[in-house]
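These are the residues of each chain, in order.
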Amino acid sequence: MLSATRQFAKSWVAAVLIGLLVVSFAIFGVNDVFKGNFTNDVVKVGSRHVSGTDFRREFENFRKNAEQQAKRPVTTEEAVQAGLDARLMQEIATRESFGEMLSRIGVRPSDRLLEGELRKMPAFFNSVSGAFDKALYQQKLQENDLTPARFETIMRDQIGEGHLASAMVN
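Attention here is on the structure that accompanies the text. Along each chain, numbering runs from 1 in the same order as the chain's sequence is written. The predicted nature of this model means local features are confined to residues of pLDDT at least 70 and side-chain atom pairs, given and counted, to a pLDDT of 80 or more, with totals for whole chains, interfaces and linings taken over all residues. The side-chain figures draw on all heavy atoms in the structure; neither hydrogens nor water molecules are used.

### Details of the overall build of the chain
Step number 1: Strands here mean DSSP runs of E at least two residues long; helices mean DSSP runs of H or I at least four residues long; both are numbered from the N terminus. The number of helices and strands found in the chain is nine helices and two strands.
Step number 2: The C-alpha radius of gyration of the chain comes to 26 Å, more than 25% above the 15 Å expected for a compact globule of 170 residues.
Step number 3: Along the first, second and third principal axes, the C-alpha set of the chain runs to 85 × 45 × 35 Å.
Step number 4: Within the chain, contacts between residues at least 6 apart in sequence are counted, and of these 57% link residues at least 24 apart.
Step number 5: What sets the accessible areas is the Shrake-Rupley method with a 1.4 Å probe; for residues, cover comes only from the shown protein chains. About 12,300 Å² of surface is accessible on the chain, with carbon and sulfur atoms providing 58% of the total.
Step number 6: In the chain, 22 side chains carry a positive charge and 21 a negative one; their mean positions are 4 Å apart. The quantity called the radius of gyration is restricted to C-alpha atoms. Its globule counterpart is 2.2 Å times the number of residues to the power 0.38. Residue contacts follow a heavy-atom distance rule, with two residues in contact if any of their heavy atoms lie within 4.5 Å. Counting rule for charge: Lys and Arg are taken as positive, Asp and Glu as negative, and neither His nor the chain ends is counted. Every charge is mapped onto a representative atom, which is NZ of Lys, CZ of Arg, CG of Asp or CD of Glu.

### Focus: the packing of helix α4 (residues 52-70) against helix α6 (residues 84-104)
Step number 1: Axes here refer to lines fitted to C-alpha atoms; in helices the fit is confined to the stretch in contact. Angles between the N-to-C directions go from 0 to 180 degrees. The interhelical angle for the contact between α4 and α6, taken along N-to-C directions, is 125 degrees, at an axis separation of 10 Å. As the angle between them shows, α4 and α6 are arranged oblique. Both α4 and α6 take part in a crossing whose hand is right-handed. For the pair α4 and α6, the contacting residues are F55, E58, F59, F62 and A66 in the first and L84, D85, R87, L88, M89, E91, I92 and R95 in the second.
Step number 2: By the convention adopted, Pro, Cys, Tyr, Trp, Phe, Met, Ile, Leu, Val and Ala count as nonpolar, Lys, Arg, Asp and Glu as charged, and the other residues, Gly among them, as polar. A per-class count over the contact of α4 with α6 returns eight nonpolar, no polar and five charged. Each angle receives one of four descriptions, namely roughly parallel if under 35 degrees, roughly antiparallel if over 145, roughly perpendicular if within 65 to 115, and oblique otherwise. Handedness of each helix crossing follows the sense of rotation of the near helix against the far helix: counterclockwise by less than a right angle gives left-handed, clockwise gives right-handed.

### Things to note about the pairing of strand β1 (residues 41-45)
Step number 1: With four bridges connecting them, β1 and strand β2 (residues 48-51) associate as antiparallel partners. Within β2, the position partnered with D41 by the bridge is S51. Strands are labelled as partners when DSSP assigns at least two bridges between them.

### Digging into the nonpolar core
Step number 1: Working definition of a nonpolar core: buried Ala, Val, Leu, Ile, Met, Phe, Trp, Tyr and Cys residues. They are joined through side-chain atoms within 4.5 Å. Burial here depends on accessible area, computed with a 1.4 Å probe over protein chains only, as a share of the maximum for the residue type. Under 20% is buried, over 50% is exposed, and the range in between is partly exposed. Core analysis: the largest hydrophobic core is formed by twelve residues, namely V43, V45, V50, F55, F59, F62, A66, V74, A79, L84, L88 and I92.
Step number 2: If you list the elements that add at least two residues to this core, you get β1, α4 and α6.
Step number 3: Considering each element in turn, this core owes the most residues, four residues, to α4.
Step number 4: Dropping the residues within four chain positions of it, A79 is found in contact with F59, R63, V74, L84 and D85.
Step number 5: Listed in part, the nine residues of the second largest apolar core include L114, L118, F151 and M155.

### Some remarks on unusual backbone geometry
Step number 1: A positive phi angle is found at K71, which is not glycine, with a value near 55 degrees.
Step number 2: Mapped onto the secondary structure, K71 falls in the loop between α4 and α5 (76-81).
Step number 3: You will see that D145, though not glycine, has its phi angle at about 55 degrees, which is positive.
Step number 4: Summarising the element assignment, D145 is placed in the loop between α8 (134-143) and α9 (148-169).
Step number 5: Here D145 falls in the exposed class, since its relative accessible area comes to 56%.

### Brief notes about the layout of surface pockets
Step number 1: Here a cavity denotes a set of grid points, spaced 1 Å apart and computed over the protein atoms alone, in which a 1.4 Å probe fits but from which it cannot get out, and a pocket denotes an open set meeting protein on both sides within 12 Å along at least five of seven lines; residues with an atom within 4 Å of a point are reported as lining. Grid points are joined across faces, edges and corners, and a volume is the space filled by probe spheres set on the points. Here the largest pocket defines a volume of roughly 420 Å³.
Step number 2: Residue lining of the largest pocket: 20 residues in total, with D54, R57, D145, L146 and R150 positioned closest to the centre.
Step number 3: Here the lining of the largest pocket gets seven residues from one element, more than from any other, and that element is α4.
Step number 4: Residue classes in the lining of the largest pocket are distributed as two nonpolar, seven polar and eleven charged.
Step number 5: Space inside the second largest pocket adds up to approximately 280 Å³.
Step number 6: Among the elements that make up the lining of the second largest pocket, the one with the highest residue count is α4 (five residues).
Step number 7: Of the residues in the lining of the second largest pocket, the class split is five nonpolar, three polar and four charged.

Keep in mind these numbers describe shape, not what the thing actually does.
In structure tokens:
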């Protein structure tokens, strides 16, 4: 069998097949391997994406909520066996798809509106002055493993969803 394989490899048929393989790679894309378009995105919808780090953070929060509901510790393995990871992935994909749709139809809250909503959130008020505290804002976000950009995207989506719902009801 080995000798038959060697004889075939030396034949003109094998040379033609290898030639076709080389030409197809040249035309269709060995190129993609060298482009370096590798990401760690778990979900990508249009211009929006959720990285593996963001998914891990949300999964941990999801798991902690499951612990509170079950009133007992829930391991990561138990959460995966119960399908929490798949359910969370579906929720994230739906949320990001809806956010992308809002953006595409032009429902984007202004920076001024977003800033006004942030300044109304009691979690970011200075306990002494009673006013919005930017340092406290950044500290609270850091405690929750969020960046200001990510949090503001979430806030924009929530405001946009509210505006769309109001428009549909009216």
